[in-house]
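# Commentary on secondary and tertiary structure
Here's the letter readout for the chains.
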2 protein chains.
Amino acid sequence: MGSVTHTDNGSSPAAEQAARGRAADTSRGEQTRQAIVASAIRLFGEAGYEKTTMRAIAADAGVSVGNAYYYFPAKEALVSEFYLELQREHLARVEPILGSGTSFGDRLTAILREGIEVWAPHHAFAGRFIGIAAVPGSPVSPFSDASSEARELATSIFHRLVDSTETKMDPQLRARLPQLLWLAQLGLVVYWVHDTTPGQRRTRAVVDLAVPYLEYLVGASRMKIFKPLTTRGLTLLEAVWPRAAG
Amino acid sequence: MGSVTHTDNGSSPAAEQAARGRAADTSRGEQTRQAIVASAIRLFGEAGYEKTTMRAIAADAGVSVGNAYYYFPAKEALVSEFYLELQREHLARVEPILGSGTSFGDRLTAILREGIEVWAPHHAFAGRFIGIAAVPGSPVSPFSDASSEARELATSIFHRLVDSTETKMDPQLRARLPQLLWLAQLGLVVYWVHDTTPGQRRTRAVVDLAVPYLEYLVGASRMKIFKPLTTRGLTLLEAVWPRAAG
DNA sequence: TCCGCAAGTTGAACACGTTCAAATCGGAGA
DNA sequence: TCTCCGATTTGAACGTGTTCAACTTGCGGA
């Protein structure tokens, strides 16, 4: 942690100290960096991705265009800051839910709902975001190494949810359920982004229907008749997403 | 079908006669159009999406940049021509498979494998393509109105597969299976695009494991114990993708 | 106090996708 | 044959993301 010796090919010089332990950094550079991030987030939220130009972001932050590129390798990199911001808010909202004593399904629904709520004001922006996140090499891709931390953070939410649930289920399924839920959430996000119903109410309806179904499936997994279904499903998951991989 | 009275806000003038019945058109405009498409497809395949500039495409086709924009509203539109080209090839390869008398699973595997084979030479390009296709408004999006025809074409493949299969299954599932298979294929494509194993062999392994599992699930659907699982699953599908919608 | 140097900053310049007013083409009708 | 007019074509120009050589800042050590 905090190691300096790594080759970060595509990243900007200032990204060195990224990830952790930047909270306490009050150096000039860090202030500039945060000013750029703040402007970017605000303008993205106000005008969307395309309409927000790098020149506008720089001007709003009171720096030159070139300076923004000293801290961020590309406009896309600023998008991931926006993403992190919302991720943090989702985490904050989810915290009390995990502590509550309600059922597995109720808490899962609440978690997914809060996710939708956090993103709701940025539905249009999310459409562009997903286009960036979907391309394999992108650091914003949910499968990329760069976002492994965010991925672990997200799965850790589901991990805590699963660990604190009393529901009986196949133990092997239990071990893998957090990842499965993360995948399901990913699918939900894709669905939500394409949901053009007012207020994305169809997505909310899908959540209300899908979670009890999931709960039912999870509960069924410990029954003998469902063993082959469960086992084979987990074998498939192992091929799709080996336990070893991040 | 073939109606002329529609308001095609964003499309180019020449796109009017798109879709059907352009095969016989040998007018000057059509020749130019095809020259541009041919150059675009070739250059995309050779150098990828980003590195292929509109100027290069135009030069290669022997026309001016502006002329390319007379036929295509944007660079992205040329991507969908590339997509159509591969779609056509996949269809051609799939045709003999549908006619063969092998089992449901074997034919499904063959269909999916051929899809991978057709795209294999363009794995890198597909990474960019998916980024374009993932954004909601895009005409290349698999969920868009613009690609409803391609979508129906694709589901029709699975429709024929399902219709010609003897396997016993829940009748309601049978009615919806083509759409489910299409969704599964979509997921497979996303997986394949992100598969960095050499030759995307992991994706092939997943297909080999997933198809028998699917076959097993489909077969199980007619058993009494699996009825609630099937029924509730189909209810969920109805919420996700109403029968009425395209 | 001053020097050296790394960190930070600048804005002009570049390449690209896209637009558009103007030029050209070619066939239908006189 | 000539004229007209819509279809087609042109290339300069615009706005954008990105790069880069040069400049400025401020701090640690002589």
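What you see is a predicted model, and the numbers here were worked out from it, not measured in a lab. (Residues numbered from 1 in each chain as written. Chains lettered and ligands numbered in written order. Predicted model: local features only at pLDDT ≥ 70, side-chain atom pairs only at ≥ 80, totals over all residues. Heavy atoms only, no water.)

### Quick word on the protein's contact with DNA strand C
The environment of DNA strand C is formed by 19 residues, the closest being A:Ser64, B:Met54, B:Arg55, B:Tyr69 and B:Lys75. In DNA strand C, atoms within 4 Å of the protein come from the sugar-phosphate backbone in 61% of cases. One of the side-chain N or O atoms of A:Tyr70 is found 3.3 Å from a phosphate oxygen in DNA strand C. One nitrogen or oxygen atom from the side chain of B:Lys75 is found 2.6 Å from a phosphate oxygen belonging to DNA strand C. Of all the elements in the fold, those that place two or more residues in the surface near DNA strand C are α1 (28–47) and α3 (65–71) of chain A together with α2 (54–61) and α3 (65–71) of chain B. A class-by-class count of the residues in the surface near DNA strand C yields seven nonpolar, eight polar and four charged. (Near = heavy atom within 4 Å. Polar contact = N/O pair within 3.5 Å; in protein donor to acceptor, adjacent residues only side chain to side chain. Helix = DSSP H or I, 4+ residues; strand = E, 2+ residues; numbered from the N terminus. Nonpolar A, V, L, I, M, F, W, Y, C, P; charged D, E, K, R; others polar.)

### Focus on the protein's contact with DNA strand D
As a matter of local geometry, DNA strand D sits amid 19 residues, with A:Arg55, A:Tyr69, A:Lys75, B:Ser64 and B:Tyr71 nearest to it. In DNA strand D, atoms within 4 Å of the protein come from the sugar-phosphate backbone in 60% of cases. Between A:Arg55 and DNA strand D, the recorded distance is 2.8 Å, taken from a side-chain N or O atom to a base nitrogen. Here a phosphate oxygen of DNA strand D and a side-chain polar atom of B:Thr32 are 2.9 Å apart. When residues of the surface near DNA strand D are traced back to their parent elements, those giving at least two are α2 (54–61) and α3 of chain A together with α1 (28–47) and α3 of chain B. Looking at the surface near DNA strand D, the element that brings in the most residues is α3(B), giving four residues. Looking at the surface near DNA strand D residue by residue, the class counts come to seven nonpolar, eight polar and four charged.

### Observations regarding the relation of the copies chain B and chain A
When chain B is fitted onto chain A, the two copies agree to an RMSD of 0.1 Å after a turn of 180° and an axial shift of 0.0 Å. The superposition of one copy onto the other is thereby described by a two-fold rotation axis. For chain B, the minimum C-alpha distance to the rotation axis belongs to B:Gly131 and amounts to 2.2 Å. Both copies share a contact surface, since 100% of the interface residues of chain B are interface residues in chain A too. (Least-squares fit on C-alpha atoms with pLDDT ≥ 70 in both. Contact = heavy atoms within 4.5 Å.)

### What to know about the interface of chain B and chain A
Between chain B and chain A, the residue contacts involve 31 residues of the former and 31 residues of the latter. With both sides pooled, the region where chain B packs onto chain A buries about 2,900 Å², and carbon together with sulfur makes up 74% of that total. Summed over the shared surface of chain B and chain A, the number is zero salt bridges. Our count for the chain B to chain A interface comes out at eight residue pairs in polar contact (both at pLDDT 80 or more). Elements supplying a minimum of two residues to the side of chain B that touches chain A: α6 (123–133), α8 (171–194), α9 (201–220) and α10 (227–240) of chain B. When the residues that make up the side of chain B that touches chain A are grouped by side-chain class, the tally is 22 nonpolar, six polar and three charged. (Buried area = accessible area lost by both parts, 1.4 Å probe. Salt bridge = Lys/Arg side-chain N within 4 Å of Asp/Glu carboxyl O.)

### Overview of the pattern of salt bridges
Residue and element names in this part refer to chain A. Tallied over the entire structure, the rule returns 26 salt bridges over all chains. The shortest N-O distance in the salt bridge between Arg 42 and Asp 60 comes to 2.5 Å. Within this pair, whereas Arg 42 is found in helix α1, its partner Asp 60 is found in helix α2, the two being separated by 18 residues in sequence. Overall, Asp 60 belongs to the partly exposed group, its relative accessible area being 36%. Among the salt bridges present, the one from Glu 50 reaches Arg 128, with a minimum N-O distance of 2.6 Å. Here Glu 50, found in the loop between α1 and α2, pairs with Arg 128, found in helix α6 (residues 123–133); they are 78 residues apart in sequence, far enough to count as distant. Among the ionic contacts, a cluster of salt bridges with common partners joins Arg 42, Glu 46 and Asp 60. (Buried < 20%, exposed > 50% of the residue type's maximum accessible area, 1.4 Å probe, protein only.)

### Structural notes on helix α9 (residues 201–220) of chain A
Taking 1.5 Å of rise per residue, 20 residues should cover 28 Å, and α9(A) covers 29 Å from first to last C-alpha, within 8% of that figure. If you check which residues of α9(A) are buried, you get A:Thr203, A:Val206, A:Val207, A:Ala210, A:Val211, A:Tyr213, A:Val218, A:Gly219 and A:Ala220. (Expected span 1.5 Å × (residues − 1).)

### Some thoughts on the environment of A:Leu236
Looking at the secondary structure, you find A:Leu236 in helix α10 (residues 227–240). You can call A:Leu236 buried: its relative accessible area is 15%. Ignoring anything within four residues of it in the chain, the contact list for A:Leu236 reads B:Val206, B:Leu209, B:Ala210 and B:Tyr213.

### Some remarks on a nonpolar patch on the surface
A cluster of nonpolar side chains, A:Val190, B:Phe143, B:Leu180 and B:Leu183, forms an exposed patch at the surface whose accessible area comes to about 270 Å². On the secondary structure map, A:Val190 appears in helix α8 (residues 171–194). Note on A:Val190: relative accessible area 34%, which makes it partly exposed. (Patch = residues over 30% accessible without salt bridge, like charges linked within 9 Å, V, L, I, M, F, W, Y side chains within 5 Å. Areas by Shrake-Rupley, 256 points an atom, 1.4 Å probe, with all protein chains shown as cover.)

### Overview of the nonpolar core
By size, the foremost hydrophobic cluster in this structure holds 114 residues, and its most contacted members are A:Ile36, A:Phe44, B:Ile36 and B:Phe44. With residues near it in sequence (within four places) discarded, B:Phe44 still touches B:Tyr49, B:Thr52, B:Ile57, B:Lys75, B:Leu78, B:Val79, B:Phe82 and B:Phe125. (Core = buried A, V, L, I, M, F, W, Y, C linked by side-chain atoms within 4.5 Å.)

### Considering the packing of helix α5 (residues 104–119) of chain A against α9(A)
Residue and element names in this part refer to chain A. Where α5 contacts α9, the two axes come as close as 9 Å, and the packing angle between them is 155°. The pairing of α5 with α9 is recorded here as roughly antiparallel in orientation. In this structure, α5 meets α9 at a crossing whose hand is right-handed. Together, Phe 104, Gly 105, Leu 108, Thr 109, Leu 112, Arg 113, Ile 116 and Glu 117 of α5 and Thr 203, Arg 204, Val 207, Asp 208, Val 211, Leu 214 and Glu 215 of α9 make up the contact between the two elements. Per-class residue counts for the contact of α5 with α9 are seven nonpolar, three polar and five charged. (Axes fitted to C-alpha atoms, helices over the stretch in contact; angles between N-to-C directions. Parallel < 35°, antiparallel > 145°, perpendicular 65-115°, else oblique. Left-handed = near helix turned anticlockwise from the far one by under 90°.)

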